[in-house]
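What follows is each chain in one-letter form.
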Amino acid sequence: MDIRLIDIAKDFGGTGALRGVSLDIRDGELVALLGPSGSGKTTLLRVIAGLEIPSTGRVLFGNEDATNLPVQHRRIGFVFQHYALFRHMTVFDNVAYGLRARAEQPKPAEIATRVKDLLDLVQLPGIEKRHPAHLSGGQRQRVALARALAVEPRVLLLDEPLGALDAKVRKDLRRWLRELHDRIHHTTVFVTHDQEEALELADRVAILNEGRIEQVGTPDEVYDSPASPFVMGFVGDTASMPIAMRDGQTSFAGKAFTADIIGNAEGPTELYLRPGDAVLVKPDPGDLAGTVLSVRRTATGRRVHVQLETTETAIEIETAASRTVTVGEAVGVRILKGRVFAAT
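Residues numbered from 1 in each chain as written. Predicted model: local features only at pLDDT ≥ 70, side-chain atom pairs only at ≥ 80, totals over all residues. Heavy atoms only, no water.

## Brief notes about the pattern of salt bridges
Applied cut-off: Throughout this description, the term salt bridge denotes a Lys or Arg side-chain nitrogen within 4 Å of a carboxyl oxygen of Asp or Glu. A run of H or I in DSSP counts as a helix once it spans at least four residues, and a run of E counts as a strand once it spans at least two, with each numbered from the N terminus. Any residue under 20% of the maximum accessible area for its type is buried, any over 50% is exposed, and the rest in between are partly exposed; the area is computed with a 1.4 Å probe on protein chains only.
This model, assessed by the stated rule, comprises 21 salt bridges. Glu318 is paired through a salt bridge with Arg303; the nearest N and O atoms lie 2.3 Å apart. In this pair, Glu318 sits in strand β19 (residues 314–319) while Arg303 sits in strand β18 (residues 302–308), placing the two residues 15 residues apart along the sequence. In this structure Glu318 comes out as partly exposed when scored by relative accessible area, which is 24%. Salt bridges here are not isolated pairs; linked through shared partners, they connect Asp237, Arg296, Arg303, Glu316 and Glu318.

## Details of the environment of Leu308
The following threshold applies: Every residue pair with non-hydrogen atoms within 4.5 Å of one another is taken to be in contact.
Along the chain, Leu308 turns up in strand β18. On a C-alpha basis, the gap between Leu308 and Val279 in space is 13 Å, while along the polypeptide they are 29 residues apart. In this view, Leu308 contacts Met241, Phe252, Ala289, Gly290, Thr313, Ile315 and Val333; residues no more than four positions away in its chain are not counted.

## Points about unusual backbone geometry
A positive phi is found at His185, a non-glycine position, where the angle reads about 55 degrees. As for its placement among the helices and strands, His185 is situated in the loop between α5 (167–184) and β8 (187–192).

## A word on the sheet that holds strand β17 (residues 288–297)
Definition in use: Whether two strands pair comes down to DSSP finding at least two bridges between them. Inter-axis angles, ranging from 0 to 180 degrees, are taken between N-to-C directions of lines fitted to C-alpha atoms, where helices are fitted over the stretch in contact.
With antiparallel pairing, the five strands of this open sheet are ordered in space as β16-β20-β17-β18-β19. Strands with a single pairing partner mark the edges of an open sheet, and in this sheet they are β16 (278–281) and β19. Direction aside, neighbouring strands of the sheet carry axes that sit 45 degrees apart on average. Of the strand pairs in this sheet, β18 and β19 are connected by six bridges, and their pairing is antiparallel. Counterpart to Val304 in the pairing with β19 is Ile317.

So, in structure tokens, the structure goes:
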């Protein structure tokens, strides 16, 4: 099922939660709505679900105008962050709930077969008689997903589906959810504020900021080719430093340096760089100078926080775990690459 959102706006008491959002979601695609709190991502998901009606704009499901279609007629499967399972019901009854609520209820044998097949699909066979209180958080979220799939939805919507889980379970479920999507190919839209989750799970990512879409693209596109300073800063760790670019020369605090810089600017601007875009070297007049402010271990190495020259500008640099660096040490900093954005 294709979904088209055309110039969607949504106001709450004079506050614009969405401001002219347009987005095409392809049949069978898994799209992440990524952004900080208050960016409009959950409101957009609720507009797709029919839980909110847009102030202006249109929602199309295929060729059908679903803008004012009641939620119960949209055939949406919705999975919430906190599961929303019925605590007094068994797993079987939770998964079967939507089937039994239909106007034309399937026969009991059909419901039993459907529930068993879904629990097998989400890799939870044999737990039909348990209650939610006797399940782990990861198991409860899988049951919630099985319940959403039971009604054979045209579109599957996930609102921070892994947000209530601990880090290890969240990482395992991310991998499982991607594998599940590759098997069932439902058109799926999920909301997250976790950039790692979005990049790992999604076919494409729509990045929202203050009710607008900043960029839509594959995980590689939004990470490697960010469209704005906001996207650069939100997707991946980023630092910036004030530089001047004039006649092909780049300088920082009056000192010229050479780097592979993507983008065009002239005059004072900001250079944005990832922790791997600069390296620590021995102090040398040909490189920028800095002082180590802090050092912390990461899974792959060390992050060194360096204050540059005599300025208040500080950047993070990724080094090997074997590299010994001490706080207060004078170091040289060599900028390898970075990105500038034209003034808007």
